[in-house]
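Architecture at a glance
Chain residues, written in single-letter form:
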Amino acid sequence: MRVSALVLMSGLALAFAQTAVTEDIDNITAAYSEDGRYFTEDDVPTYNIQEDGTIDWLTYSGFRRYHSECHVCHGPEGEGSTYAPALKNSAIDMDYYDFVDVVTNGRKVVRGGGGDSVMPAFGENANVMCYLDDIYVYLKARGTEAVPRGRPRAKEAKSDVIRADENACLG
Amino acid sequence: MKKLTALTSAVAICAAGMATANDDLQTKMDNPNNWAIQTGDYANTRYSELDQINRDNVGDLQVAWTFSTGVLRGHEGSPLVIGETMYVHTPFPNIVYALDLSNEGKILWKYEPKQDPDVIPVMCCDTVNRGVAYSNGQIYLHQADTTIVALDAKTGAVNWSVKNGDPAIGETNTATVLPVKDKIIVGISGGEFGVRGSVTAYNTADGSQAWRAYSMGPDSDILVDPAATTHLGEPVGENSGTNTWEGDQWKIGGGTTWGWYSYDPDLNLVYYGTGNPSTWNPAQRPGDNRWSMTIMARDADTGMAKWFYQMTPHDEWDYDGINEMILTDQAINGEARKLLTHFDRNGFGYTMDRETGELLVAEKFDPVVNWATHVEMDKSSDQYGRPQVVAQYSTEQNGEDVNSTNICPAALGTKDQQPAAYSPKTELFYVPTNHVCMDYEPFRVSYTAGQPYVGATLAMYPPSDSHGGMGNFIAWDGKKGEIVWSLPEQFSVWSGALATAGDVVFYGTLEGFLKAVDANTGEELYKFKTPSGIIGNVMTYTSGGKQYVGILSGVGGWAGIGLAAGLTNPNDGLGAVGGYAALSDYTALGGQLTVFKLPD
């Protein structure tokens, strides 16, 4: 229900068809971790939630960055708005590399009725690009409802490697 | 009402011999059969002398006719009516229709600009537009991409156009323009993109620039006389637009000017407010950040500032100061005063002397406002005029990367741009309000031209002890600074109000209801559900001698973004999902004008 509404709303039909082949691949479950980051068996970033509800640092960081950079158009917690589609669904429906491509280079969907949908290119925006994986894994966790709406509670500490990478990226 | 008439005739005398274009607009505004300016009049009272529709018969109201705008986005502002022609605007792509009211609304002409759609995502919070303006036979459209077009009101032909800003660095427009004499006064949006706000006057004859006043920067940029321009009665001094900033931060300092403008013809002063300083992370911009968050009074001819009042020095909550300034003539303690009343995002209702900039009243217009205890009114205090910030709710004092919780109001303010109305009969202000609180966590961001420059994470939710809704529609006594009555609403009230001589006050709701209430008691007299949520402003006019009431519906804007999925309180604990109503359960997109009348 949500997916078909999204396709109609955002004209994502094309992207959806391209990525449908990935359906039988597990794009969600964390297979291994490296320096506080989690990946699927195909090396795609993903979230990790421990039994006591503690979430990984990137997912928490993604919550913050999403609500700074994305939510003024896409609504709180990836839920979508009258203006832009629900990214919690996009993060599930879209291939990771397509997701990165759209954020980096932007996309236009012409619908008429003043409803043209334009995603800007964030490729030069360090506040987005340095946290792209953070935002992606947060939205994926929202898409599966592994992380509920609202502010995440317990989180893993920020690893030294993540901290160093962040500083290097922000310059 | 007598006072208003007296003022008008005084103006006519003053203006005689100046052969100014606003004679035309002033005459048309004085005739209540027209709705000649978005704000109802120069004073922004949104009051109409029409009284065919009144307290006793408004319950019989019915739909007279409707008009689809063909656009889906959020519809703010309202149509204008000049004589028997109605001018209807839309959000991006900013179409203008001229409708013939004497011929069943037939479309006389349509103007649709060509705009680069790249402007769409640079507009924070939807592609709204608050309507066209009229003076001297021209309709002024201020497009999303900051192009201002002067159209021949009769034919829709383009007389001239001029570009006020550059969307590539985040400069956009959502506001209407204010025609004054032979100029139009024009603002700019982009506070979330590090735009340095400014107000510009263009000559209506050819679109050439007359003056520009920035909100911050050197004295020559902000158009002040350091010795004569005052702040709370004291000269602002030299370099007031840079000396409360660190380094060059003022160059991307915000203070944009996307709200409403008013004008006092007697004093020849234009009034408006400036928006938030950039970024939302207060730690990145130490100092008071003047003149963001400021009420400004400027000479209409030269732009020179007469007085400023900074309501929220060093903003820590995104409480833009852009809401309308309502100009009234009322007696305080038996003394006739020229007043300016302003309901700020920060939750305080301010009453000021509009001639001198003296602060008379500053009181909370929602009891839940908690970020400041009060505004210091003791003139001998070094804190005079400053809000007394509560440490617990100070995102500056709590610091970067710390989540400050339960701050009231939320960043969208106790009231946003949705304009209030004032009735000289009741001497009450009718104010659409938000009843929403927030968590606010600031963090460091870097600036890239044309990219969002926000630097804070927000979560919004209704106050814990609220009536369960997210808005109120209140009547306010501006002399005392007191709420007279308050009507709870399920959602924020995001529609501009209209007060009339028929003792009726109208407003719209986000579910899509047009409501009429008794101006004295607030008693609900009529409601009708329009096709989409209302974020437009109610207006009234006559055609063929009969009074009509018009409202644009078409949900969107910040309300459509923030409330579409419903709000949750992150402090309610895990799993407390969907605790509050979702707007998407009540309404869907679609721009339409609905016009009401009494039965024939």
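Calculation criteria
Residues numbered from 1 in each chain as written. Chains lettered and ligands numbered in written order. Predicted model: local features only at pLDDT ≥ 70, side-chain atom pairs only at ≥ 80, totals over all residues. Helix = DSSP H or I, 4+ residues; strand = E, 2+ residues; numbered from the N terminus. Expected span 1.5 Å × (residues − 1). Buried ≥ 20, exposed ≤ 12 C-beta atoms within 10 Å, placed from the backbone. Contact = placed C-beta atoms within 7 Å. Pairing = 2+ DSSP bridges. Nonpolar A, V, L, I, M, F, W, Y, C, P; charged D, E, K, R; others polar. Core = buried A, V, L, I, M, F, W, Y, C linked by C-beta atoms within 7 Å. Axes fitted to C-alpha atoms, helices over the stretch in contact; angles between N-to-C directions. pLDDT = per-residue confidence, 0-100.

1. Thoughts on helix α8 (residues 132–143) of chain A
Residues and elements named next belong to chain A. Spanning twelve residues, α8 covers 16 Å between terminal C-alpha atoms, matching the ideal 16 Å at 1.5 Å per step. Most of α8 sits inside the fold, with ten of its twelve residues counted as buried. Summarising the contacts, the buried residues of α8 are in contact with β3 (45–46), α3 (57–69), α5 (87–93) and α6 (96–105). After α8 finishes, the residue Glu145 shows a positive phi value of roughly 60 degrees.

2. Brief notes about the environment of Arg285(B)
Residue and element names in this part refer to chain B. Topologically, Arg285 is positioned in the loop between β18 (269–273) and β19 (294–299). Taking the number of C-beta atoms within 10 Å as the measure of exposure, Arg285 has 26 and is therefore buried. Apart from residues lying up to four places away in sequence, Arg285 is in contact with Trp245, Glu246, Gln249, Pro277 and Thr279.

3. Describing the sheet that holds strand β2 (residues 37–39) of chain A
Residues and elements named next belong to chain A. Reading across the sheet, the three strands line up as β1-β2-β3 and stay open at both edges, with antiparallel pairing between neighbours. The open sheet has two free edges, formed respectively by β1 (32–34) and β3, since each of these has just one partner strand. Judged from the three bridges that link them, β1 and β2 form a sheet pairing that is antiparallel. Across the sheet, Tyr32 pairs through a bridge with Phe39, a residue of β2.

4. What about the pairing of strand β4 (residues 85–89) of chain B?
All names here are of chain B. The element β4 is extensively covered by neighbouring structure, given that five of its five residues are classed as buried. Burial along β4 is two-sided: the residues Thr85, Tyr87 and His89 and Met86 and Val88 are all buried. In this structure, the hairpin formed by strand β3 (residues 80–82) and β4 is closed by a connection of two residues, where Gly83 is found at a positive phi of approximately 65 degrees. Direction of pairing for β4 relative to strand β5 (residues 96–100): antiparallel, over a ladder of five bridges. Across the sheet, residue Thr85 finds its bridge partner in β5, namely Asp100. The antiparallel hairpin formed by β4 and β5 contains six residues in its connecting segment, where Asn94 sits at a positive phi of about 65 degrees.

5. Thoughts on the interface of chain B and chain A
Contact residues are listed per partner, giving 45 residues for chain B and 32 residues for chain A. The leading source of residues in the side of chain B that touches chain A is strand β31 (residues 456–461) of chain B, at four residues. The class makeup of the residues in the side of chain B that touches chain A is 26 nonpolar, 13 polar and six charged.

6. Some points on the nonpolar core
In this structure, Ile185(B), Val270(B), Tyr271(B), Tyr430(B), Ala497(B), Val505(B) and Phe506(B) are the most contacted members of the largest nonpolar core, which totals 208 residues. With six residues, the top contributor of residues to this core is α8(A). Those residues in contact with Phe506(B), other than ones at most four positions away along the chain, are Ala497(B), Leu498(B), Leu514(B), Lys515(B), Ala516(B), Val538(B) and Val549(B).

7. Focus: unusual backbone geometry
Residue and element names in this part refer to chain B. For the peptide bond that leads from Ser278 to Thr279, omega is 0 degrees, which places it in the cis range. Structurally, Thr279 can be placed in the loop between β18 and β19. Between Cys408 and Pro409 the backbone carries a cis peptide bond, its omega angle lying at 0 degrees. Relative to the assigned elements, Pro409 resides in the loop between β27 (404–407) and β28 (421–423).

8. Things to note about the sheet that holds strand β14 (residues 209–214) of chain B
Residues and elements named next belong to chain B. Read from one edge to the other, the open sheet built from four strands follows the order β11-β12-β13-β14, with strand pairing classed as antiparallel. At either margin of the open sheet sits one strand with a lone partner, and together these are β11 (178–180) and β14. Going from strand to strand, the sheet's axes swing by 20 degrees on average, the running direction of each strand aside. As paired elements, strand β13 (residues 198–203) and β14 share five bridges and run antiparallel to each other. The partner of Thr200 across the bridge, within β14, is Arg212.

9. Notes on the confidence of the model for chain B
Residues and elements named next belong to chain B. Counting all residues, the mean pLDDT for chain B is 93, and 94% of those residues have values of 70 or more. Note that residues 1–19 has pLDDT below 50 and, in this model, 16 contacts with residues that lie over four places away or in other chains. Throughout residues 573–579 the model reports pLDDT below 50, and contacts reaching past four residues in sequence, or to other chains, amount to 13 contacts. If you check the scores for this complex, the pTM reads 0.91 and the ipTM reads 0.78.

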